[in-house]
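Chain by chain, the residues run as shown.
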Amino acid sequence: MLMVPPKSISAKRDRKERDARRGRSGEGRYNGLVKELARVIRLAFEAGATGSLWGLEGPLRAGIRSDLCLQGRTWETADLMTRDVLADAFRLAGARMRPTWNEGQPEWVIHEGLLIERTRCARCHGPLPEGRKKFCSDLCAKNYHSRLSDYRYADEDRAIKMATRLI
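In what follows, the accompanying structure is described. (Residues numbered from 1 in each chain as written. Predicted model: local features only at pLDDT ≥ 70, side-chain atom pairs only at ≥ 80, totals over all residues. Heavy atoms only, no water.)

1. Looking at the overall build of the protein
Of regular secondary structure, the protein possesses seven helices and zero strands. Shown N-terminal to C-terminal, the secondary structure of the protein runs as helices and strands in the order α-α-α-α-α-α-α. When each of the 167 residues of the protein is scored for burial, the buried share is 25%. Once local pairs closer than 6 in sequence are excluded, the contacts in the protein between residues at least 24 apart make up 44%. (Helix = DSSP H or I, 4+ residues; strand = E, 2+ residues; numbered from the N terminus. Buried < 20%, exposed > 50% of the residue type's maximum accessible area, 1.4 Å probe, protein only. Contact = heavy atoms within 4.5 Å.)

Set out below in structure tokens:
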């Protein structure tokens, strides 16, 4: 009796699930979409329109998922298929390491020594009192940093709930 390693079974099952989600689109159409997305991702990055190869992930994911839903797929199936398409496209475009959550935040790309003149509080957007550089009060500063900490240490499901509550 031939024993198949569990990893092979898992990979085969994952491939079957992905192919089932692909459904009507077929392998040729799927691969064409992946190649076109990879070209667009690479082009946008090389043109300086995005700061990394991952810069278009949000809009692309939302747009593809929306189109798939309009074609009659459920939101969950559309989201899973979109995830697969974009994963293959990013791999083809040469994106190797996904940025961390912190690297995706505006504070990460503002380099030390860069002066940003603020006139409004970063949390409540009220006018900044004289002598204050980012927050109008200690309460706003504490609340802002507490919320950032909550985002940083949230698991994926909790982070999604927190983000969608802001919309």
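There is more to say, and it comes next.
2. Looking at the packing of helix H2 (residues 26-46) against helix H4 (residues 75-93)
With their axes 8 Å apart at the nearest point, H2 and H4 run at an angle of 55° to one another. In terms of orientation, H2 and H4 fall into the oblique class. The element H2 and its partner H4 pack so that their crossing is right-handed. Listed contacts from H4 to Tyr30, Leu33, Val34, Lys35, Leu37, Ala38, Ile41 and Arg42 of H2 are Asp84, Val85, Leu86, Asp88, Ala89, Phe90, Leu92 and Ala93. When grouped by side-chain class, the residues that make up the contact of H2 with H4 number 12 nonpolar, no polar and four charged. (Axes fitted to C-alpha atoms, helices over the stretch in contact; angles between N-to-C directions. Parallel < 35°, antiparallel > 145°, perpendicular 65-115°, else oblique. Left-handed = near helix turned anticlockwise from the far one by under 90°. Nonpolar A, V, L, I, M, F, W, Y, C, P; charged D, E, K, R; others polar.)

3. Notes on a positive patch on the surface
Judged by side-chain charge, Arg123, Arg147, Arg158, Lys161 and Arg165 come together as a positively charged surface patch. Within the fold, Arg123 resides in the loop between helix H5 (106-109) and helix H6 (138-152). (Patch = residues over 30% accessible without salt bridge, like charges linked within 9 Å, V, L, I, M, F, W, Y side chains within 5 Å. Areas by Shrake-Rupley, 256 points an atom, 1.4 Å probe, with all protein chains shown as cover. Salt bridge = Lys/Arg side-chain N within 4 Å of Asp/Glu carboxyl O. Lys, Arg positive; Asp, Glu negative; His and termini not counted. Charge placed at Lys NZ, Arg CZ, Asp CG, Glu CD.)

4. Notes on the side chain of Asp79
Within the secondary structure layout, Asp79 lies in helix H4. Filtering out sequence-adjacent residues up to four positions away, Asp79 remains in contact with Arg61 and Arg65.

5. A short note on the pattern of salt bridges
Taken as a whole and judged by the stated rule, the model has seven salt bridges. Between Glu46 and Arg42 there is a salt bridge, with the nearest N and O atoms lying 3.8 Å from each other. Of this pair, Glu46 and Arg42 both sit in helix H2, four residues apart, roughly one helical turn. When its relative accessible area of 28% is taken as the criterion, Arg42 is described as partly exposed. The network of salt bridges with shared partners includes Arg61, Arg65 and Asp79.

6. Thoughts on the nonpolar core
Counting residues in each nonpolar core, the largest one holds 18 residues, and the members touching the most others are Leu37, Ile41, Val85, Leu86 and Phe90. Those elements giving two or more residues to this core turn out to be H2, helix H3 (57-70) and H4. For this core, the leading source of residues is H4, giving seven residues. Residue contacts for Val85: discarding those within four places in its chain leaves Tyr30, Leu33, Val34 and Leu37. Residues Leu128, Phe135, Ala141 and Tyr144 belong to the second largest nonpolar core, which totals eight residues. (Core = buried A, V, L, I, M, F, W, Y, C linked by side-chain atoms within 4.5 Å.)

7. Looking at the environment of Ile41
Structurally, the position occupied by Ile41 is in helix H2. Taking C-alpha positions, Ile41 is 9.2 Å from Ser52, a pair spaced 11 residues apart along the chain. Contact partners of Ile41, with chain neighbours within four places excluded, come to Leu53, Leu56, Leu60, Ala89, Phe90 and Ala93.

8. Observations concerning the packing of aromatic side chains
For the coordinates displayed, the defined rule picks out two aromatic pairs. For the ring pair Trp54 and Phe90, a centre distance of 4.5 Å and an interplane angle of 35° mean the geometry is tilted. In this pair, Trp54 is assigned in the loop between H2 and H3 and Phe90 in helix H4, connecting sequence segments 36 residues apart. Taken individually, Trp54 and Phe90 each receive the classification buried, so the pair is uniform in this respect. Ring geometry for Phe135 and Tyr144: centres 5.0 Å apart, planes at 55°, overall tilted. The buried category is assigned to Phe135, whose relative accessible area is 9%. We classify Tyr144 as buried; its relative accessible area is 15%. (Phe/Tyr/Trp six-rings, centres within 6.5 Å; stacked < 30°, edge-to-face > 60°.)

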